[in-house]
Amino acid sequence: MRRHLVTKGSFYERLADHGHEIVTDDDFAHLYAERQGRPSIPPSVMVRAMLCATHDRTSDAETSRRTRVDADWKAAMGVDDEFTGIGATTFSLMRSRMVVHDADAELFAKTIEKAVAAGILKGKLTAIIDSSPVHGAGAVADTYELVRGFLRQVVRAAGERLSEQARAGAEPFCGPKPDIDWQDPAARKTHLAELVAAGMALLVEAVGIDDPAVTEPAELLAQVIDQDVEPDEAGDPQIRQGVARDRVISHSDPQMRHGRKSASRRFDGHKLDVIGDEGSELVLGVDVRAGNAGDGEGAVPLLGQVLALPGILIATLLGDMAYSDGDVREAVEEQGAELVAKVPPVTNSGRFPKTDFGIDTTAGTVTCPAGVTTAEAHRAKDHKGRPGLAFAFPAATCAACPLRERCVGGAKGRSIFVGRHHDRIAAARAAQATPATKALLRQRSKIERKIDHLQDLGMRQARYRGRRKTRLQALLAATVANFKRLGVLGAFDATVPVALAA
């Protein structure tokens, strides 16, 4: 083929020269039947085309065209000039196969394997974790459209297995949006009552149908009605005030959720978790969770995935304040790593915060800013239901204290809750003031740059519906990012293990 036409120094040239080091036919042979079906495109060619599509952010139709006419892509795929291309629908089938067999995770792991073999990832690593919003591929819908959408799915999946009465009751809502006066609250409420009645009738009959194609949308229909609808004083359905914590927001992608990156930034979709190596700036692991999940909740599962990779040891995990919870710190320690994350500041509406008190968990005492010590305590629980002790200062002592106005309001004495993670959090708060920890925390910006790179590869917006296929998208993006970074680090040029530049 005409290799002289390939763009020099490009991603395509490097994939052409070194793609076989992370992608081989044998890696994906288990995705295919040995002696059945017509001859297919070799899996290594398919996967390389998918990596090119991820790099260039092309649709399946455009990907198909480029596999047929683009010299850079043909070189990267390892095919000759006469290659006639890959059909657009073939990529959808390949993605499904990869998801079923977790082949996307195996592909990503090959980049880590290459880094370990090249000596880039060695010894105990310092890793960095962060999360980022991924806007979902489904359309966000209101309660009326959600009920209609799942109702349609149940009717179409159940078909003749529904009674004629149930089908007749649901049929008016299976077409276009009803032509009612949507500005009239009474008309909307009447329509909601009709929708809920039709939906409840369907749910009664769906109970007797043992078919996932029916039971899954039926469960979602029931969930939406439960989350979004409540009876009014007369017992008629009305839209519930407030938003349920795990509210379904799309019937085209039911796994999407309302999420927040900050108090002012809301998004609809999923949450991308990323762990990267501080030294090499390689991605060590990615995962996709619910958009409304807490950042800290994803730390331990993803860390476990990373530590399961051969040759990977992590001594320190850096995170922001979202990962600073005591439970997260404890769980990370149980995995053999130390979590370094800034502890959120403690405030108390202008009065002395808890951090101004001397707390001795060994002696079981608390000393206030005025120098008074108490050992009087009773069992209590914090906002997450975790056990602890509530230390109380005598009301009479606080009443006579000259610092009272700066410490406590009301007639009772000051109380201090001491949780099971107090010593762990106190040690982290003290450490973050040291020059060494400050310098370490400044390295967190590296993961933000890596997330920016993944977003440049398409991870701002989910291309596919559902969390698992969005994870496939993330793994492909991480594979491309790592492959490019391995080239910068010289992993493909070295004949002996390479060392990172100082």
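As a starting point, this report considers the structure included with it. Computed from a predicted model, the values in this text were never measured in an experiment. (Residues numbered from 1 in each chain as written. Predicted model: local features only at pLDDT ≥ 70, side-chain atom pairs only at ≥ 80, totals over all residues. Heavy atoms only, no water.)

Next up on the list: the overall build of the chain. A count of helices and strands for the chain gives 17 helices and 14 strands. Taken along its principal axes, the extent of the C-alpha atoms in the chain is 95 × 75 × 40 Å. Here the contacts in the chain between residues at least 6 apart in sequence split such that 66% fall between residues at least 24 apart. For the chain, the exposed surface amounts to about 24600 Å²; the carbon and sulfur share of it is 51%. If you average the places of the 66 positive and of the 67 negative side-chain charges in the chain, the two averages end up 5 Å apart. (Helix = DSSP H or I, 4+ residues; strand = E, 2+ residues; numbered from the N terminus. Contact = heavy atoms within 4.5 Å. Areas by Shrake-Rupley, 256 points an atom, 1.4 Å probe, with all protein chains shown as cover. Lys, Arg positive; Asp, Glu negative; His and termini not counted. Charge placed at Lys NZ, Arg CZ, Asp CG, Glu CD.)

Its 14 residues place the ends of helix α2 (residues 43-56) 20 Å apart at the C-alpha level, agreeing with the 20 Å of an ideal helix rising 1.5 Å per residue. Of all 14 residues that make up α2, 13 are buried, and the element is covered over most of its length. Downstream of α2 by a residue or two, R57 has a phi angle that is positive, lying close to 55 degrees. (Expected span 1.5 Å × (residues − 1). Buried < 20%, exposed > 50% of the residue type's maximum accessible area, 1.4 Å probe, protein only.)

This part is about the packing of aromatic side chains. Tallied over the entire structure, the rule returns 5 aromatic pairs. A centroid spacing of 6.0 Å and a plane angle of 85 degrees characterise the contact between F11 and F483, whose relative ring orientation is edge-to-face. Of this pair, F11 sits in helix α1 (residues 11-18) while F483 is found in helix α17 (residues 467-488), placing the two residues 472 residues apart along the sequence. Overall, the relative accessible area of 9% leaves F11 in the buried class. When its relative accessible area of 2% is taken as the criterion, F483 is described as buried. Between the aromatic rings of F483 and F492, the centroid separation amounts to 5.0 Å while the plane-to-plane angle is 45 degrees, which identifies the pairing as tilted. (Phe/Tyr/Trp six-rings, centres within 6.5 Å; stacked < 30°, edge-to-face > 60°.)

Moving on to the side chain of T479. Take T479: it is sitting in helix α17. There is a polar contact of 2.7 Å between the side chain of T479 and the backbone oxygen of L475. Apart from the residues within four sequence positions on either side, T479 is in contact with I22, L51, L107, F108 and T111. (Polar contact = N/O pair within 3.5 Å; in protein donor to acceptor, adjacent residues only side chain to side chain.)

Across all of its chains, the model carries 33 salt bridges by this definition. Residue R449 is joined to E281 by a salt bridge in which the shortest nitrogen-to-oxygen separation is 3.6 Å. Linking R449 in helix α16 (residues 445-459) with E281 in the loop between β5 (265-277) and β6 (283-290), this pair joins segments that are 168 residues apart in sequence. Take R449: its relative accessible area is 45%, and that puts it in the partly exposed class. When the shortest N-O distance is used, the salt bridge between D327 and R386 registers 3.1 Å. Of the two residues, D327 sits in helix α12 (residues 326-334) while R386 sits in the loop between β12 (377-381) and β13 (387-392), which places them 59 residues apart along the sequence. Overall, D327 belongs to the partly exposed group, its relative accessible area being 27%. On the accessibility criterion, R386 (13% relative accessible area) is buried. Overlapping salt bridges, with partners in common, bring together D325, D327, E330, D382, K384, R386 and R420 in one network. (Salt bridge = Lys/Arg side-chain N within 4 Å of Asp/Glu carboxyl O.)

Next up on the list: the nonpolar core. Within the largest apolar cluster, 84 residues are counted, with the highest numbers of intra-cluster contacts made by L51, M98, L272, I275, L284, V286 and L454. Looking at which element gives the most residues to this core, the answer is α17, with 10 residues. Apart from residues lying up to four places away in sequence, L272 is in contact with D130, S131, S132, V134, V286, D287, V288, L454, M459 and A474. Core analysis: the second largest hydrophobic core is formed by 30 residues, Y144, V154, V214 and L220 among them. (Core = buried A, V, L, I, M, F, W, Y, C linked by side-chain atoms within 4.5 Å.)

This part covers the sheet that holds strand β14 (residues 415-419). What the 3 strands build is an open sheet, ordered β12-β13-β14; its pairing is antiparallel. The sheet is open, and its two borders are formed by β12 and β14, each paired with just one other strand. Direction aside, neighbouring strands of the sheet carry axes that sit 35 degrees apart on average. In terms of strand pairing, β13 meets β14 through 5 bridges, oriented antiparallel. From the neighbouring strand, L389 faces β14, where its bridge partner is V418. (Pairing = 2+ DSSP bridges. Axes fitted to C-alpha atoms, helices over the stretch in contact; angles between N-to-C directions.)

On the surface, R57, R265, R460 and R463 cluster together into a positively charged patch. Tracing the sequence through the fold places R265 in strand β5. On the basis of relative accessible area, R265 is assigned to the partly exposed category, the value being 46%. (Patch = residues over 30% accessible without salt bridge, like charges linked within 9 Å, V, L, I, M, F, W, Y side chains within 5 Å.)

Bringing the sheet that holds strand β11 (residues 373-374) into the picture now. On the basis of which strands lie adjacent, the open sheet formed by 3 strands has the order β9-β10-β11 and antiparallel pairing. The open sheet has two free edges, formed respectively by β9 (358-360) and β11, since each of these has just one partner strand. Inspection of the sheet shows β9 paired to strand β10 (residues 365-367) by 3 bridges, in the antiparallel sense. Paired with I359 across the strands is V366, a residue of β10.

Right, let's get into the pairing of strand β7 (residues 313-319). Burial runs high along β7: 5 of the 7 residues are buried. Where strand β1 (residues 124-135) and β7 come together, 5 bridges link them in parallel fashion. Bridging from a neighbouring strand, L125 pairs with I314 of β7. One ladder, built from 4 bridges, connects β7 with strand β8 (residues 338-341); its direction is parallel. Directly across from G319, in β8, lies its bridge partner A341.

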